[in-house]
Amino acid sequence: MLSTLRGTIRLIQNESLKKNVFSPSKRSTSSKEIIQREKQYVAQNYHPLPVVLAKGEGVFVWDAEGNRYFDFLSGYSANNFGHCHPKIIETLIEQSKILHHTSRAFYNNVLSDFSKQLTEYFGYERFLPMNTGVEACETSVKISRKWGYTKKNIAPDEAKFLFATNNFWGRSLAACSASTTPETFQGFGPFLPGFQCIPYDDLTALEIAVQDPLVCGFMIEPIQAESGVIVPSEGYLKGVRAICSMYNVLWSADEVQTGMGRTGKRLAVDYENVLPDILILGKALGGGVYPVSGCLANDIVMSVIKPGTHGSTFGGNPLGSKIGMRAIEVLQEENLSENSFKMGEIFRKELNDRLNKKIVITVRGKGLLNAVVINPNYAKAWDICLKLKDKGLICKQTRDDIIRFSPPLIINKDQILESADIIIDTINGLI
Ligand SMILES: Cc1ncc(COP(=O)(O)O)c(C=O)c1O
């Protein structure tokens, strides 16, 4: 009763706050027109929620008509620091006035500092910079294959690489080749050879697969984000570490989405105090303003990459490097991993205590990477996302019956409670 009243008060407050920060000019193009124009001119490779975002600040975004929403997607976890974080924006502006891009044909005066900071913070010896998550993941496959040939004595072109079923690491042909999700790979073959998928969260399957001496590497997300926030059993990551060490296979952790405080720790692997051989970062490493990604590894692994064997025009440029440095600083200065942990606990407790269990089968996640599984007899996840939008919170389904909730890590207690109220009222209101 009390919590319902508290929720109603917060919702009324939310209503009165909704419109008063961003007032688009009267001549602005309407959301409807913008959606129509995008449908006409833009490749239809996404199915966006019908909302046109025109401004962002902190945990909020506003549409072209000035309506305010809680952002519960955070640009697929790139916006861990929220929208327009003053320290990130200041760095973006300052560095772009000094030196933005040079290429790695020359040294620049920022990349070495960025790499020193990253290696010290995450406990590795070397950093290989790229731009997007998919490039960084593919880089780790390349490093592992090269390591397989040069250090594990695998015969040329025979190396095998293991992934887990339901992995998601992007859209390149290598990522499609590794995918078990038909929507991702169907119609894009022929695929890369030498890839094999084993069940996620299954140490027995891993131990059998790595006994093949041709296996050079194994890549997993410590929590499978896109496939519905699948949290593996406790001990899985420790087991992966032990098995990969025992059979001389490189373990790559794809922390592109789970890293940078998202799951309530610096990295999701920190929950089990294990260090992968290759740590892959992306998304929030660029502060939500610039694509910055890369792989961290020790010298014994990274030294297989020689001049000319791998690279990227933009990877490691001064602008991205400076932004990456600031992103790591903000993560630490503002204790965002800790905040993510605390806010996640509050959020899941509210949802677990108050959501109608007939409609929501499961609430799961860690830190601020969470999901609810919807009983398809009551609603489609997409329809719930539409209703949530109408109530001032935007998020997106990851599967037909799963909605992911991943707000910026700067969210405070009042905001997380208010958001939980919106979600609970919307879902419970379905019956
Ligand atoms: C775990 C994971 N790895 C890799 C990627 C690919 O990142 P990007 O879209 O920046 O290429 C994603 C994207 O969602 C991801 O979630």
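Remember, predicted model here, so these are calculated numbers, not experimental data.

S.K.: Account for the side chain of Gln257, with residues named and values stated.
M.R.: Locating Gln257 in the fold gives a position in the loop between strand E8 (250–254) and strand E9 (278–281). Sequence-distant contacts of Gln257, that is, excluding residues within four places in its chain, are made with Tyr76, Ser77, Ala225, Glu226, Arg262, Lys283, Leu369 and Arg404.

S.K.: Tell me about the site of the ligand, and please be specific about residues and values.
M.R.: Around the ligand sit Thr132, Gly133, Val134, Phe168, Trp169, Gly170, Glu221, Glu226, Asp254, Val256, Gln257 and Lys283, and those are all the residues in its vicinity. Between Gly133 and the ligand, the recorded distance is 2.8 Å, taken from a backbone N or O atom to an oxygen atom. At a separation of 2.7 Å, a nitrogen atom of the ligand approaches a polar side-chain atom of Asp254. Burial of the ligand by the protein chains amounts to 83% of its free accessible area of 390 Å². A breakdown of the residues in the shell around the ligand according to their chemical character gives four nonpolar, four polar and four charged.

S.K.: Lay out the environment of Val289 with the relevant residues and their values.
M.R.: Residue position: Val289 is located in the loop between E9 and strand E10 (293–297). Residues Val289 and Asp63 lie 226 residues apart in sequence; the distance between their C-alpha atoms is 19 Å. Val289 has contacts with Ile88, Ile89, Leu92 and Ile323, leaving out every residue within four places of it along the chain.

S.K.: Please provide a residue-by-residue account of a positive patch on the surface, values included.
M.R.: A cluster of basic side chains, namely Lys142, Lys146, Lys151 and Lys306, defines a positive patch on the protein surface. Tracing the backbone through its elements, the reader meets Lys306 in the loop between helix H11 (299–302) and helix H12 (318–333).

Conventions adopted
- Residues numbered from 1 in each chain as written.
- Predicted model: local features only at pLDDT ≥ 70, side-chain atom pairs only at ≥ 80, totals over all residues.
- Heavy atoms only, no water.
- Helix = DSSP H or I, 4+ residues; strand = E, 2+ residues; numbered from the N terminus.
- Contact = heavy atoms within 4.5 Å.
- Near = heavy atom within 4 Å.
- Polar contact = N/O pair within 3.5 Å; in protein donor to acceptor, adjacent residues only side chain to side chain.
- Areas by Shrake-Rupley, 256 points an atom, 1.4 Å probe, with all protein chains shown as cover.
- Nonpolar A, V, L, I, M, F, W, Y, C, P; charged D, E, K, R; others polar.
- Patch = residues over 30% accessible without salt bridge, like charges linked within 9 Å, V, L, I, M, F, W, Y side chains within 5 Å.
- Salt bridge = Lys/Arg side-chain N within 4 Å of Asp/Glu carboxyl O.
- Lys, Arg positive; Asp, Glu negative; His and termini not counted.
- Charge placed at Lys NZ, Arg CZ, Asp CG, Glu CD.

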